[in-house]
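# Structural overview for review
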Amino acid sequence: MKNASSQKILLKVKDFYEKYPYPLQPIKSKKDLLSRKHTQAMKKIFSTINSPFEFLTSKSVLDAGCGTGEKAIFCSLFGAKTDAFDISQTSIKIAKD
């Protein structure tokens, strides 16, 4: 019973993110990805490990639940080998584009 319930929840979550990919930032170029707003958000994330972005050079990064991929792509721009996945095919398509 618990397994069927979990599956039902998973399908509802997946359907939600197929309709409403997240995060949906208007990113059309590298410049957009490195904008002040996005860079500030990434600085907050990296402050938790007290490291600059250059820390990423030659590191491996796994972004589980990457959504539309902004963080994974950002890490790649700083030299990380990045793997990312998400349950939403809509989000993955946006990330690939």
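So, a few notes on the structure that sits alongside this text. (Residues numbered from 1 in each chain as written. Predicted model: local features only at pLDDT ≥ 70, side-chain atom pairs only at ≥ 80, totals over all residues. Heavy atoms only, no water.)

## Things to note about the pattern of salt bridges
Counted by the stated rule, this structure contains 3 salt bridges. Among the ionic pairs, Lys14 bridges to Glu18, the shortest N-O distance being 3.3 Å. Taken together, the residues Lys14 and Glu18, both in helix α1 (residues 2-19) and 4 residues apart, mark about one turn of the helix. The partly exposed category is assigned to Lys14, whose relative accessible area is 29%. For Asp97, the salt bridge identified is with Lys93, shortest N-O distance 3.0 Å. Accessibility assignment for this pair places Asp97 and Lys93 in one class, exposed. (Salt bridge = Lys/Arg side-chain N within 4 Å of Asp/Glu carboxyl O. Helix = DSSP H or I, 4+ residues; strand = E, 2+ residues; numbered from the N terminus. Buried < 20%, exposed > 50% of the residue type's maximum accessible area, 1.4 Å probe, protein only.)

## Considerations on the packing of aromatic side chains
Counting across every chain of the model gives 6 aromatic pairs. Relative to Phe78, the ring of Phe53 has its centre 5.0 Å away and its plane inclined at 45°; by these criteria the two rings are tilted. Of this pair, Phe53 sits in the loop between α3 (36-47) and β1 (60-64) while Phe78 sits in the loop between α4 (70-77) and β2 (81-85), and the two are 25 residues apart along the sequence. Looking at Phe78, the relative accessible area reads 22%, which means it is partly exposed. Positioned over the ring face of Phe55 is Lys59, at 4.6 Å from the centre of the ring. (Phe/Tyr/Trp six-rings, centres within 6.5 Å; stacked < 30°, edge-to-face > 60°. Lys NZ or Arg CZ within 6 Å of the ring centre and 35° of its normal.)

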